[in-house]
There are 2 protein chains.
Amino acid sequence: MKHVLILGGGFAGLECAKRMRSENFRVTLVDRWNHHLFQPLLYQVASGALAMAEIAQPLRSILSSHKNVTTIMDDVVHIDLPNKRVQLKGRSLDYDFLVIALGSKTSFFGHNDWAQHTLGLKSLDDAMAIRKKVLLAFEEAESALNSEEAQKWLTIVVVGGGPTGVEMAGSLAELSHRVLKDDFRHIDPTQAKIHLIEAGPKLLPMFPGDLPDYTRERLESMGVTVHLNCPVKDVGQGYVIAGDQRIDSGIVIWGAGVEASEVSRTLAGVNLDRAGRIEVLPDLSLPGHPEVFAAGDIVALTDKHGVKVPGVSPAAIQMGAFIAHSIQSEPTSGERPAFAYWDKGSMATIGRSAAVVSFAGIQMRGFIAWLMWLFVHLVFLMNMRNRISVFLHWVWSYFTWQRGARVIQSPRNS
Amino acid sequence: MKHVLILGGGFAGLECAKRMRSENFRVTLVDRWNHHLFQPLLYQVASGALAMAEIAQPLRSILSSHKNVTTIMDDVVHIDLPNKRVQLKGRSLDYDFLVIALGSKTSFFGHNDWAQHTLGLKSLDDAMAIRKKVLLAFEEAESALNSEEAQKWLTIVVVGGGPTGVEMAGSLAELSHRVLKDDFRHIDPTQAKIHLIEAGPKLLPMFPGDLPDYTRERLESMGVTVHLNCPVKDVGQGYVIAGDQRIDSGIVIWGAGVEASEVSRTLAGVNLDRAGRIEVLPDLSLPGHPEVFAAGDIVALTDKHGVKVPGVSPAAIQMGAFIAHSIQSEPTSGERPAFAYWDKGSMATIGRSAAVVSFAGIQMRGFIAWLMWLFVHLVFLMNMRNRISVFLHWVWSYFTWQRGARVIQSPRNS
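Fair warning: this is a prediction, and the values are worked out from it, not measured in the lab.

**Student:** Explanation requested: the sheet that holds strand β16 (residues 245–248) of chain B in the structure shown.
**Tutor:** To summarise the sheet geometry, strands pair through backbone hydrogen bonds and adopt either a parallel or an antiparallel arrangement. Residues and elements named next belong to chain B. Read from one edge of the open sheet, three strands run β14-β15-β16, paired in antiparallel fashion. Each having just a single partner strand, β14 (232–236) and β16 make up the two edges of the open sheet. Taken over all neighbouring pairs, the strand axes of this sheet differ in orientation by 15° on average, direction set aside. Judged from the four bridges that link them, strand β15 (residues 239–242) and β16 form a sheet pairing that is antiparallel. Bridge pairing in β16 places alanine 242 opposite glutamine 245.

See the structure below:
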């Protein structure tokens, strides 16, 4: 029985594991976390709207009925392509087929020293760190000795004008200007300043037409200060320098870019793009290694229709399914088919009743787009319980302006 | 305007703050956490059945409409009774009236070195630590090199036969023997051993009649090994010695006893009982300090009907309300009234469809008692959103044997 080793339980790896239904294959899925994370809603955990468990589900429980799939919670240390072996922290595993779906991590474009002063948003750990830091900042401001000190605590910087930055900034604006409005006695949370910093000339540059402009206007009307054409030049303890401006802030959330998981750089004889992504063949295999595939946003690929495949979850899911099909069709007589990305469009939410949607040449914005965003995200959530739970929390929040998960797990002085 | 300073936002302190409706008083509530915790359901967070946010709510948001109440998130360092001043970590506060409602902490009966080898269950931090350790133990067992090592990972010890120990042991038995049943490939989670250790001759000794025996039988039928008359003699790295038995286990959950929060021991000229609880006057004030009250399980009191008031949430709520009333009735002409505890009965859940209930001389057990337990806990949950959310999770779990919050926030090797 051939052994298929899948590294990573994100959208690509999990989809591949679920599709490996043939009993001729033994499948092992390795992930450093015990759960699959629904990353598109991670910013809602960070801003206290949803609980961790609502967007994360144990990989074991998802794959419980897939008896040919074994799940291992461990870190990938090294991939030994010539010997077809993967070294984990706890053991090593041989494979017949390998699927590398380790995803991406926050990139600081060479300024790795900025990492210690910023908060990324890739994992539940990250989201809980942001939630804690933001909620504690309001506590510190409430206890501050003077209004200058308080204002520094009430200044939050979000770097990056892509979907992560836009969603995070919008959500923090609503948190401070609406949700927390009546909860303090010494400070006025509506005076909190949310800065969104983008190096390029517009927000959400991947969206067509006037959607980027609409996004900026909408965020500004929600009280977000948007800085365009404003590359970050330095980040240090308590400040950001962006363009020619210095912003004093204890909280800098970094949504500006990603690069491939570091394991990609340890692969011998494999071409990577500048962000460390693996340049795969049209069938998603590695050059010279037909038994090794890569999927998800660790991959740099222009598909057979000449489309540069973006690092989004629909692309990851399509790649995972494609690879599972390829492996289960082996040994094939002729050449393998080439992967083709099916663009399902893009959507991003700005805030309550406001989102932008673009698909099949159609552009939408505002309330209808927001309802579509809600609907699509509910449908793609992993299971029915989470769907119901998230739906109820959203309905509740819509009518009460409350958030369900404003809990700091640890005491203030821990 | 008189200043009422309340230390602690548990059941006693929060109830007192909510009842201070008179505008003649300025109220400050201090807690080291940002939330009120519904402790009776904490074991369900520890065993992955509920999410943190479902049993915790920000104190600020609960007290949002109480405009005369200020909430401060900080630690109490010292209470200076003669100067009517409380030192927090970040500042000091003067008071006209003081309410000490700082609760209790896990007690090791003098063996404080056992603390490092055991897990308490008093806070969300504690519950998340237990959840992580238990779920990771199954991961370690699945990766273990031999069955002996695996069995050690699959052995969990719960110390203390009171409600906390019984509920925790029952919940862990269901987790391993039912919920995780199909999720592993190398180990059989139903082989996990849950030991419940009690120093005295019966479980739930505060319950009358045959309820303690019923509880033991029921736990045993669920696969829990119950050890009675078995005092813990030593706890070390990876083992517990109880009675004349040594149990090898990496997870020891300590539900054996509580003592008053350490601040009580810093009070000058105040009598404490052996567990550090404050011996208050019948009106809940401190001898010689009519302006200082204590409430909740930091108090040792036999009420005016000769009943020793237990450290349970209904008693805490009654004390908090009583003190708020006393303060708002000041200045009083005659003597203050004495506190009388209204015993609302006791209940504890053992597992699915099994609980014990005792009130007003009536004893109940089994399914009906379990439904009563569910109903009462839903009613007393802080707000409607959490009620709906918890109710749905319980219904879901009942029919699917799944648990909603089996998420480990951090990677395995962190």
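**Student:** Even after reading the chapter, I still don't get the environment of alanine 101 of chain B, so can you show me in this structure?
**Tutor:** Position of alanine 101 of chain B among the secondary structure elements: in the loop between β9 (97–100) and β10 (104–106). Note: C-alpha distance between alanine 101 of chain B and alanine 192 of chain B (91 residues apart in sequence) is 39 Å.

**Student:** Explain helix α8 (residues 313–328) of chain B here, please?
**Tutor:** The α-helix advances 3.6 residues per turn, and as a result positions three or four apart in sequence lie on the same side. All names here are of chain B. The first and last C-alpha atoms of α8 sit 23 Å apart over 16 residues, in line with the 22 Å expected at 1.5 Å per residue. Those residues of α8 lying buried are Ala315, Ala316, Gln318, Met319, Gly320, Ala321, Phe322, Ile323, Ala324, Ser326 and Ile327. Close packing links the buried residues of α8 with β1 (2–7), α1 (11–19), β2 (25–31), β9, β21 (289–294) and β22 (299–300).

**Student:** What am I meant to see in the nonpolar core here?
**Tutor:** In globular proteins that are soluble, nonpolar side chains generally tend to be buried together. Counting residues in each nonpolar core, the largest one holds 242 residues, and the members touching the most others are Ile79, Ile100 and Leu286 of chain A together with Ile79, Ile100 and Leu286 of chain B. When residues no more than four places from it in sequence are discounted, the contact partners of isoleucine 100 of chain A are Leu7, Ile79, Leu267, Ile278, Leu286, Val292, Phe293, Ala294, Ala295 and Ile298 of chain A.

**Student:** Teacher, can you tell me more about the pairing of strand β5 (residues 69–73) of chain A here?
**Tutor:** Two faces, one strand: in a regular strand the side chains alternate between the faces of the sheet. Most of β5 of chain A sits inside the fold, with five of its five residues counted as buried. Burial along β5 of chain A is two-sided: Val69, Thr71 and Met73 of chain A facing one way and Thr70 and Ile72 of chain A facing the other are all buried.

**Student:** Help me out: how do you make sense of the interface of chain B and chain A in this one?
**Tutor:** Frequently, the measure chosen for interface size is the accessible area removed from exposure when the parts meet. Listed as interface residues are 55 residues of chain B and, on the opposing side, 55 residues of chain A. Here chain B meets chain A over a buried area of about 5,000 Å², counting both sides, of which 52% is carbon and sulfur. If you sort the residues of chain B by the area they bury against chain A, Arg60, Arg385 and Gln409 of chain B come out on top, with a joint share of 15%. The tally of links between chain B and chain A comes to two salt bridges. For glutamate 139 of chain A, the salt bridge goes to arginine 60 of chain B, with nearest N and O atoms at 2.7 Å. Between chain B and chain A we count 14 residue pairs in polar contact (both at pLDDT 80 or more) in total. At the level of elements, β4 (56–58), α3 (59–62), β5 (69–73), α4 (124–143) and α10 (384–400) of chain B are the ones that each hand at least two residues to the side of chain B that touches chain A.

Definitions and cut-offs
- Residues numbered from 1 in each chain as written.
- Chains lettered and ligands numbered in written order.
- Predicted model: local features only at pLDDT ≥ 70, side-chain atom pairs only at ≥ 80, totals over all residues.
- Heavy atoms only, no water.
- Pairing = 2+ DSSP bridges.
- Helix = DSSP H or I, 4+ residues; strand = E, 2+ residues; numbered from the N terminus.
- Axes fitted to C-alpha atoms, helices over the stretch in contact; angles between N-to-C directions.
- Expected span 1.5 Å × (residues − 1).
- Buried < 20%, exposed > 50% of the residue type's maximum accessible area, 1.4 Å probe, protein only.
- Contact = heavy atoms within 4.5 Å.
- Core = buried A, V, L, I, M, F, W, Y, C linked by side-chain atoms within 4.5 Å.
- Buried area = accessible area lost by both parts, 1.4 Å probe.
- Salt bridge = Lys/Arg side-chain N within 4 Å of Asp/Glu carboxyl O.
- Polar contact = N/O pair within 3.5 Å; in protein donor to acceptor, adjacent residues only side chain to side chain.

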